[in-house]
Each structure stands twice: as structure tokens, then as C-alpha cells.
Amino acid sequence: MTIKEKIDHLRIELHRHNYNYYVLNAPEISDKEFDDMMRELQDLEKAHPEYQDENSPTMRVGSDLNKDFRQVAHKYPMLSLGNTYSETEVAEFYERVRKALNEDFEICCELKYDGTSISLTYENGKLVQAVTRGDGEKGDDVTDNVKTIRSIPLILHGDYPPLFEIRGEILMPWTSFEALNRERELREEPLFANPRNAASGTLKSQNSAVVANRKLDAYLYYLLGDNLPSDGHYENLQVARTWGFKISEHMKKASCLQEIFEYIKYWDTERKNLPVATDGIVLKVNSIRQQRNLGYTAKSPRWAIAYKFQAERALTRLNKVTYQVGRTGAITPVANLDPVQLSGTIVRRASLHNADIIEGLDLHIGDMVYVEKGGEIIPKITGVDKEARSASLGEKVRFITHCPECGSQLVRYEGEAAYYCPNETACPPQIKGKIEHFISRRAMNIDGLGPETVDLFYQMGLIKDVSDLYLLRAENIMGLQRMGKKSAENIIRGIEASKEVPFERVLFALGIRFVGETVAKKLARSFSDIAHLRSADVNTLTNIDEIGEKIAQSIVSYFANPQNCALVERLENAGLQFRRLEEGQQGRTERLAGQSIVISGVFAHHSRDEYKELIEKNGGKNVGSISSKTSFILAGENMGPAKLEKAQKLGIRIVDEEEFLQMIDES
Ligand code: IVH
């Protein structure tokens, strides 16, 4: 097989396995086999750029080249759908269609996927362009990003038209959405409110490698072009599935209003079991000929309509607003409510997000408020039933000005919606939160310690900050709230073991604002130790890939605070890792410190390069030629006679292999 044939073969196979996995949900090979094939193809393509192909499966890996999106005009405008909210409105739509067509018709019932819409163009079976809806007339060319979405075929198979567009919805499945938000929470990045925002945010990312990592999915629901397989919309999509597209399994044709109502009723509850978010049902006249006859209004087709599911919401009384202080000092207002049933759980509290939202709602204590649990994880207040207000209007909710925990005056940073308590080092929930973060699994991973124990130690005055952990003795904590000898020793052992946690995780554990795991890793790679990081200015920091102004400012101001510097010093003295461990740095010694060594000859136990490494690892210096400054010569067999003579003349010691290995204690 020639290289070209090998590349072609791998591409065909990878496209096929991709389709099996992401569209049919029926993989034939293991993930490992798939990854290996992909890597093989990547290597071949790298070595043979002459065989580059825009639609190679390797394009799905994405790249981190920054791009501004090109605006592209839609060939056919991307319209929206008229919304309905009741069976009556659906019946009215059905009646309008019946009157206008005056012949038999079928309605295709579909789920209304709640993501971000996309229009894909295929030319001769290849994906050539992917454009967002934009303003309906023109959108952003996001082709490179879309290519990373595995359920979107780059190459089609079967009998497809030479040129067509297919439209659909790009979605972030619930599981990916929840995992993404968990990660963002750890990194203290703002959370996405729902999968729709996460999907559209991701699709507009400037970095397609980010898109590739975010596990987006796509359902296609509308085919446009000449030479489509048949007059039926439903039928066309079934054929499009065989070309490689992911088409919903839940489309259904209805030939009367009753069947439509049954479909709506079924999916109103069943949609909760779907892997992606839906917010309604779309009803489309199935015949394309009839669609054409019905035509469009300025904004939307006359042949289709959306029925929106009622967002689950409940009405309940607002009793009071309390405020939580997070470990970063961010203040979150929380509505305390009369308990109310909402999609299977009892809701007692709901987020009010920030001061602006409270102001916008014009909240008063005692108000009857609407609580919703749309796509969001935490229920939120979406409105006030102002009609229900009595003459005796309760007190207006005003955002607090001082920290409810420590009384400090709150501050608001530029460009941020949240208020913060600035008392980082003495505000109890901030201190406890910082300690909890410090001991957490991904940070110092201290076994045996949890939030309750931290709380207890804090209450008892045993710890005021994380450095106090390293002063604890088993005797101090034994007996506290029935803590046995074993648990106490276990905790102390866990604390002791954390001294081996590498620099990057120690940096993450410090809890510097905006320094999550990824940033901490980047910092540890760029600065060999804490002293260098401490003295870095904003400019130096922003020169590091992916570290922006905001993160840099935060790091600089962290080290500008003498209390933080003192804390770091205490931790350094306790023996934590505040310098980067070079690869293979394990086993480093200073046995050859200050010695300049020349290697000559051939060796039995190690190669010359390995000896060079051993010299460095043990603190010695490799030098090329003999001089009076040479400490000794590491000599193997067949040392050159000229070198030997020079060594003898200068009186430089000759060390053989065995002796050298003894010197470095490796014999
Ligand atoms: S058909 C001209 N079908 O809902 C009609 N749209 O407000 C083209 N959507 O922008 C759209 N699921 O993003 C259609 N099964 C479905 C859909 C769907 C979700 C979205 C789409 C569109 C919006 C309409």
C-alpha cells in the first residue's frame, strides 16, 4: 500500500467508525483502537502535508489558532417559527392550514431541540460550510468549530444530491453540560445557565480545540435544495440519516389533530428522559409541495409552528432574603420561600443571582413570586405576582451593604455583577472556604479531613488559616467530638503526606482568585518556584499562553498583600513543595556538587549520555575538555591516549566506571 492509499484507507475507516459511534450509537471498535487509528492518521498527515484534506477526520481535533468569524449571507434566510402555548392555538394553526390547502395533508411532529441553530452546506458529499443563524439573513462562518462535532458528518455516503443545505440544532447534552459546569465551578469561572448558552458559547469559541473538548451533539431537522429524494419532509430526513446525519428517532407523522395532541402530551413528560434539552414541539406540514403553496410571512413559515412546553414554575411566598458568603467573598442573595412542589422536588430556597436582578424584580418581602426550574440546575425567581400584593406592601428588598458574617463594607469590582466582602483573611466563611478548598481532593488531597472537621478545628481555635494545619499534633485533636486515636493519627498522616504534593497543585490549593487547576499548571510550567512567581508583574504573566489581564491582576494583587506572603512563607517553612520538580528530578542529589567532570572512553553499565545525565542529576557539571579546573575524568575502556597524557600532566584523577557508580551510590 502506498502512503496515499494508507491515508485514504484510514480516513474512510475513521469516518465509518465515527458514524457508527456518534450517529448510530453502535461502535464496532474500542475507543482505544479508534484513538490509535486517529493518531496514526495524524502522524501520516503531518509527515505528508501534500495529502492534506479539509474534511479529514483529523479536522475534528480542532486547532487553537485564533480566528474572527467571517460573516456569510444565507442562501435561504433562516427564519424562526411562530410560537404557541396552548392546544387552542395549535388547533387554530391546524385549521388555517386545512382551509388554505383544501386537500388532505399530514403533519410531521418533532421535538423542538433547545440549542443553537446551524446551517450546513454539502457539496459533492463534503461539508463545505457551517453558518450560524445570525440575524437570519447572514450568520457567522463557524465551519472549523463545527467540524469538531463528531455527530456531524464531514463526508457523506449513499445517493445524496450534489448540492444541498441541511439545518439543525447544535446541543450540549445534559451530562456534558453538568460536567462542564462542575469544572468551571472548580476553576471559579462563571457557570453556564443552561445547555443552550453553553452550546452557543462553545460554538462561538475562538479556539476549535476547546470546541472539540466540549462534547457537542447535533440533530438535523430540515433539508433544503433541489433534487431532494421525495416530496415528504419526514421521508427525506429518513434518507438523510442513511447519508450519515443524526436525525431524531422521535419524529412522527400525524393525520389528525388528536394525534398531534397525543404527541404533545406524551413528550411533555417523556422529554425529561432525553439526553438533551427540548423546549417544545415543532409541527410541520409534511409535503414540500404543500409547504411551498402555504409559503411564508415576513418572519416565519405558514407551514410550521412551535408549541412551547410550559416552563415548570410555581407560585409561592417570599419570606426573607439571606446572603451567603463564598470562599472568594462573593455574596449570593438567596430567596427563602414557603416550601413549594416543583418538578418532583420541594423548593424552599431559590437564587436571586445579584443586586441588579433584585432591583429589576422590585422585590418586597411577602411578595408572591414565580419560581422556575427551566434548564437551570438551581431554581430561580422569574417574576412577582404584583396583583397579589395587598395594601400593606412588605418591606422593599435592598441589597446589603455590609458582610453578614464579618461586617466589612462590601465592594463591587468593575465589570462584575457581584458584590464581594473584601475581608479575605478574617471573614469566617472565607477562611473556612479557603481551608476546605486547600484540603480538597484536587488540591492538597488531605485524607481524613472534611468540611465538618475543618469547621470543628476552626471553632476550637486550632486553625486560623491553612498553615496551622501543619502545626497540629495528634494529641491536640484526639478526643475532640469523640475523635479516636486512629482517626487523629490518620489526619496527621494525611497532612504530613500533603508535603509531597507537587508545586502546581500547591499553587491551585492557595485559592488565588481565577487560578484554577489549568492556570496553576501553566504557572508551574512557566515559573520554577514561588519566588519567581511572586515577583512577576502583569506584563510577564500575560505573556504566558492563556493567562489574561484578569488572572494576571489577581495574582499580582495576591502577592501584594503581605498577609498572603506571610502565609506562603509559613507553608514553605512547613515543607510544602514551592518549586517545580523537573522531569526525572526524583532521585536528585548534591553528591557531585561543584565538580567539573570529563567523560572519556566506552562504558559497560550505562551509555555516555546516561552518564552525562547521572552527573547532572547528582549536581555535577559536564565539561568537554580537560583543563586544570577539571575535578576528575570518568574513564571507560579505550580512553584516548592524548586525553590520558593531558590528565597525567595536570595531575587529574582518573575514575573508572565502578568507582563512579559508588560515588553516586548506584553500585
Ligand atoms: S424547523 C423554517 N425543527 O427552533 C423552519 N426548528 O424558532 C426552520 N428548532 O431557529 C426550523 N428544533 O433553532 C425546526 N425540530 C425542529 C427544531 C427547530 C428546534 C429551533 C431552530 C429554530 C427555532 C425556531
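Residues numbered from 1 in each chain as written. Predicted model: local features only at pLDDT ≥ 70, side-chain atom pairs only at ≥ 80, totals over all residues. Heavy atoms only, no water.

(A) Structural context of the overall build of the protein chain. The helix and strand inventory of the protein chain stands at 24 helices and 22 strands. Computed over its C-alpha atoms, the radius of gyration of the protein chain comes to 33 Å, more than 25% above the 26 Å expected for a compact globule of 667 residues. A total of 667 residues make up the protein chain; the buried ones form 47% of that total. By sequence separation, contacts in the protein chain at least 24 residues apart represent 66% of the contacts at least 6 residues apart. Counting every atom, the protein chain has about 34400 Å² of accessible surface; 48% of that belongs to carbon and sulfur. Charge separation in the protein chain, taken as the distance between the mean sites of 86 positive and 98 negative side-chain charges, equals 3 Å. (Helix = DSSP H or I, 4+ residues; strand = E, 2+ residues; numbered from the N terminus. Rg over C-alpha atoms; globule rule 2.2 N^0.38 Å. Buried < 20%, exposed > 50% of the residue type's maximum accessible area, 1.4 Å probe, protein only. Contact = heavy atoms within 4.5 Å. Areas by Shrake-Rupley, 256 points an atom, 1.4 Å probe, with all protein chains shown as cover. Lys, Arg positive; Asp, Glu negative; His and termini not counted. Charge placed at Lys NZ, Arg CZ, Asp CG, Glu CD.)

(B) How the structure looks around the pattern of salt bridges. Within this structure, the stated rule accounts for 37 salt bridges. Glu 28 serves as the salt-bridge partner of Arg 16, at 3.0 Å between the closest nitrogen and oxygen. Within this pair, whereas Arg 16 is found in helix α1 (residues 3-22), its partner Glu 28 is found in the loop between α1 and α2 (31-47), the two being separated by 12 residues in sequence. Arg 16 sits in the partly exposed class, given a relative accessible area of 34%. (Salt bridge = Lys/Arg side-chain N within 4 Å of Asp/Glu carboxyl O.)

(C) Summary view of the environment of Tyr 85. Considering the arrangement of structural elements, one finds Tyr 85 in the loop between β2 (83-84) and α3 (87-101). For Tyr 85, a relative accessible area of 47% gives the class partly exposed. For the pair formed by Tyr 85 and Lys 308, sequence separation is 223 residues and the distance between their alpha carbons is 5.4 Å. Excluding its chain neighbours within four sequence positions, the residues that come into contact with Tyr 85 are Tyr 307 and Lys 308.

(D) Representation of the sheet that holds strand β21 (residues 632-635). Taken in spatial order, the four strands make up an open sheet running β20-β19-β21-β22, and their pairing is parallel. In the strand order of this sheet, the two ends are held by β20 (621-622) and β22 (653-656), each with one partner. Sheet analysis places β21 next to β22, joined by four bridges and oriented parallel. Residue pairing for β22: Leu 634 is matched across the bridge by Val 655. Contacts from helix α22 (residues 608-617) reach β19 (596-600), β20 and β21 within the one sheet, and its direction differs from that of β19 by about 170°. (Pairing = 2+ DSSP bridges. Axes fitted to C-alpha atoms, helices over the stretch in contact; angles between N-to-C directions.)

(E) Region of interest: the sheet that holds strand β3 (residues 107-113). The five strands are arranged β2-β11-β10-β3-β9 in an open sheet whose pairing can be described as mixed. Each edge of the sheet is formed by a strand with only one pairing partner; in this case those strands are β2 and β9 (252-254). Examined bridge by bridge, strand β10 (residues 278-285) and strand β11 (residues 304-308) share five bridges and lie antiparallel to one another. When the sheet's bridge partners are listed, Ile 281 is paired in β11 with Tyr 307. Those strands touched by α3 are β2, β3, β10 and β11, and its axis lies near 170° from that of β11. Contacting β3, β9, β10 and β11, helix α9 (residues 257-270) crosses the sheet at an angle of about 20° to β3.

(F) Here's a closer look at helix α5 (residues 174-186). Taking 1.5 Å of rise per residue, the 13 residues of α5 would be expected to cover 18 Å, and the 18 Å separating its terminal C-alpha atoms lies within 8% of that figure. Of all the positions in α5, only Ser 176, Phe 177, Leu 180, Asn 181 and Arg 184 are classed as buried. Mapping the buried residues of α5 onto a view down its axis gives an arc of 130°, with all of them on the same face. Exposed residues lying more than 90 degrees from the buried face of α5 are Thr 175, Arg 182 and Glu 185. Residues of α5 that are buried sit in contact with α6 (195-203). (Expected span 1.5 Å × (residues − 1). Arc of directions from axis to C-beta.)

(G) Focus on the site of the ligand. Taken together, the neighbourhood of the ligand is formed by Ser 80, Leu 81, Glu 110, Leu 111, Lys 112, Tyr 113, Ser 117, Glu 169, Tyr 221, Val 282, Lys 284 and Pro 301. Leu 81 is positioned with one of its backbone polar atoms (N or O) 3.2 Å from an oxygen atom of the ligand. Taking Ser 117, its side chain carries an N or O atom lying 3.5 Å from an oxygen atom of the ligand. Protein contacts shield 90% of the accessible area of the ligand, which totals 530 Å² for the unbound molecule. Elements with a contribution of two residues or more to the shell around the ligand: β3 and β10. Ranked by residues supplied to the shell around the ligand, first place goes to β3 with four residues. Tallied by class, residues from the shell around the ligand come to six nonpolar, two polar and four charged. (Near = heavy atom within 4 Å. Polar contact = N/O pair within 3.5 Å; in protein donor to acceptor, adjacent residues only side chain to side chain. Nonpolar A, V, L, I, M, F, W, Y, C, P; charged D, E, K, R; others polar.)

(H) Here's a closer look at the packing of helix α20 (residues 549-560) against helix α21 (residues 562-574). Where α20 meets α21, the axes come as close as 5 Å, and the angle between the chain directions of the two elements is 80°. Taken together, the axes of α20 and α21 are roughly perpendicular relative to one another. Seen from α20, the contacting residues are Tyr 558, Phe 559 and Ala 560; seen from α21, they are Pro 562, Asn 564, Cys 565, Leu 567 and Val 568. Residue composition of the contact of α20 with α21, by class: seven nonpolar, one polar and no charged. (Parallel < 35°, antiparallel > 145°, perpendicular 65-115°, else oblique.)

(I) Broad picture of the packing of α3 against α9. α9 packs onto α3 with a crossing angle of 140° between their chain directions and a minimal axis gap of 11 Å. Relative to α9, α3 is oriented so that their crossing is right-handed. Residues Glu 87, Val 90, Ala 91 and Tyr 94 of α3 pack against Leu 257, Ile 260, Phe 261 and Ile 264 of α9. Of the residues assigned to the contact of α3 with α9, the class counts are seven nonpolar, no polar and one charged. (Left-handed = near helix turned anticlockwise from the far one by under 90°.)

(J) Inspection of the packing of aromatic side chains at higher detail. Counted by the stated rule, this structure contains 20 aromatic pairs. Plain terms: the ring middles of Tyr 113 and Tyr 219 are 4.6 Å apart, the flat faces sit at 5° to each other, and that makes the pair stacked. Of this pair, Tyr 113 sits in strand β3 while Tyr 219 sits in strand β8 (residues 217-224), and the two are 106 residues apart along the sequence. Across this residue pair, the class does not change: Tyr 113 and Tyr 219 are buried. (Phe/Tyr/Trp six-rings, centres within 6.5 Å; stacked < 30°, edge-to-face > 60°.)

(K) Focus on a negative patch on the surface. A contiguous patch of negative charge, built from Asp 609, Glu 610, Glu 613 and Glu 616, is present on the exposed surface. Taking relative accessible area as the criterion, Asp 609 reaches 55% and is therefore assigned exposed. (Patch = residues over 30% accessible without salt bridge, like charges linked within 9 Å, V, L, I, M, F, W, Y side chains within 5 Å.)

(L) Seen up close, the nonpolar core. Judged by nonpolar contacts, the single largest core of 57 residues is most densely connected at Phe 438, Phe 457, Leu 469, Leu 523 and Leu 541. Membership of the second largest hydrophobic core comes to 35 residues, among which are Tyr 122, Leu 203, Ala 218 and Phe 245. (Core = buried A, V, L, I, M, F, W, Y, C linked by side-chain atoms within 4.5 Å.)

(M) Inspection of the environment of Asp 226 at higher detail. Its place among the elements puts Asp 226 in the loop between β8 and α8 (233-243). Residue Asp 226 is classed as exposed on the basis of its relative accessible area of 57%. When near neighbours in sequence (up to four residues on either side) are disregarded, Asp 226 contacts Pro 161 and Leu 163.

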